[in-house]
Amino acid sequence: MLSQIIGQTKEHPALIPFFLFIGAGGTGAAMYVLHLALFNPDISWDRKNNPEFWNKLGPNDQYKFYLVNVDYSKLKKGGPDF
Amino acid sequence: MAYPFQLGLQDATSPIMEELLHFHDHALMIVFLISSLVLYIISLMLTTKLTHTSTMDAQEVETVWTILPAIILILIALPSLRILYMMDEINNPSLTVKTMGHQWYWSYEYTDYEDLNFDSYMIPTQELKPGELRLLEVDNRVVLPMEMTIRMLISSEDVLHSWAVPSLGLKTDAIPGRLNQTTLMAMRPGLYYGQCSEICGSNHSFMPIVLEMVPLSYFETWSALMV
């Protein structure tokens, strides 16, 4: 398929930016799905060694993809330490 | 609240709504630029005596109209996603208020410190006092302290409703059997109006929401009186 793409771009160079953007978009989508598969706390790949994965959540871990203002590693607990 | 002949969004009362307002300005500017460009090109096309009947190839213009829209879309997507993630942040609310949608009124529960419950029905048009807003006023307003982050838990006792206050950029569906959460933070005191935003039967248009944002001491006095 790559040879087809290169062949087409030789004939019509205007296709270069098109393939670049589509390629970047597709790669981005695939990478986001991979990120979800690897880092989402709702997923366990190995049921035997990781049976209760929902119990491994920490208060200072970041589970969101992108943070604007909050820094989870710096959050302090609101109540007293026992 | 909305006013006659209003063209844009209501003035922002919360920081998120301010962000949304600026984003709306940004996206609308892009829309206006593209629309006026297209309209201009159409007018040029319709008023020219020049013709070219054998166009086979147009590599340069195709390159431009691939790259430019892609850049414009990225310029719209990045601020949009930033605001989306910002709306979802941890913010340590100091108060929790529950609201349940019914056919056709809202009920509010302030159960953090005392057991305060009340219903909020629309004031019928016949019973409005002079100066009051038609289809927007309610008998019991939702009094809340201003400049404090408040957690709103929203659900419904019967059918789908939606709790919306445009001035704060809030709209959350009230779904029976489900608890939805949103955070509310008003930067200034005042009355903020909203209406039910999910079709729920014959009086869907007649179950408004009125937030009365007041200083904390007034809120404490009010809640002591209402219990």
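What you see is a predicted model; the values in this text were computed from it and never measured.

Looking now at the packing of helix α1 (residues 2-11) of chain A against helix α2 (residues 15-39) of chain A. All names here are of chain A. The N-to-C vectors of α1 and α2 enclose an angle of 145°; their axes lie 8 Å apart at closest approach. When α1 is examined against α2, the residues Ile 5, Gln 8 and Thr 9 are found in contact with a partner set consisting of Leu 15, Ile 16 and Phe 19. In terms of residue class, the contact of α1 with α2 is built from four nonpolar, two polar and no charged.

Before going further, it helps to examine the UniProt feature "binding site: Cu cation A2" in chain B. Residues and elements named next belong to chain B. Under the feature "binding site: Cu cation A2", the UniProt entry names Cys 196, Glu 198, Cys 200 and His 204. Along the chain, Cys 196 falls in the loop between β9 (190-195) and β10 (208-214). Once residues within four sequence positions are removed from consideration, Cys 196 is found in contact with Trp 106, His 161, Ser 162, His 204, Met 207 and Ile 209. Contacts of Glu 198, omitting those with residues within four sequence positions, involve Leu 160, His 161, Ser 162, Asp 173 and His 204.

Let us look at the pairing of strand β6 (residues 161-165) of chain B. All names here are of chain B. Burial analysis of β6 places five of its five residues in the buried class, which makes it a mostly covered element. Side chains of β6 alternate between two faces, with His 161, Trp 163 and Val 165 and Ser 162 and Ala 164 buried alike. One ladder, built from five bridges, connects β6 with strand β7 (residues 170-174); its direction is antiparallel. Looking across to β7, one finds that His 161 is bridged to Ala 174. Between β6 and β7, which pair antiparallel one after the other, the connecting turn spans four residues, and Gly 169 there sits at a positive phi close to 70°.

It is worth spelling out the UniProt feature "binding site: Mg(2+)" in chain B at this point. All names here are of chain B. Per the UniProt entry, the sites bearing "binding site: Mg(2+)" are Glu 198 in this numbering. Position of Glu 198 relative to the elements: it lies in the loop between β9 and β10. Relative accessible area serves as the criterion here: at 25%, Glu 198 is assigned to the partly exposed category.

Reading guide: rules and limits
- Residues numbered from 1 in each chain as written.
- Chains lettered and ligands numbered in written order.
- Predicted model: local features only at pLDDT ≥ 70, side-chain atom pairs only at ≥ 80, totals over all residues.
- Heavy atoms only, no water.
- Axes fitted to C-alpha atoms, helices over the stretch in contact; angles between N-to-C directions.
- Helix = DSSP H or I, 4+ residues; strand = E, 2+ residues; numbered from the N terminus.
- Contact = heavy atoms within 4.5 Å.
- Nonpolar A, V, L, I, M, F, W, Y, C, P; charged D, E, K, R; others polar.
- UniProt positions renumbered as here; feature names shortened; annotations may be inferred.
- Buried < 20%, exposed > 50% of the residue type's maximum accessible area, 1.4 Å probe, protein only.
- Pairing = 2+ DSSP bridges.

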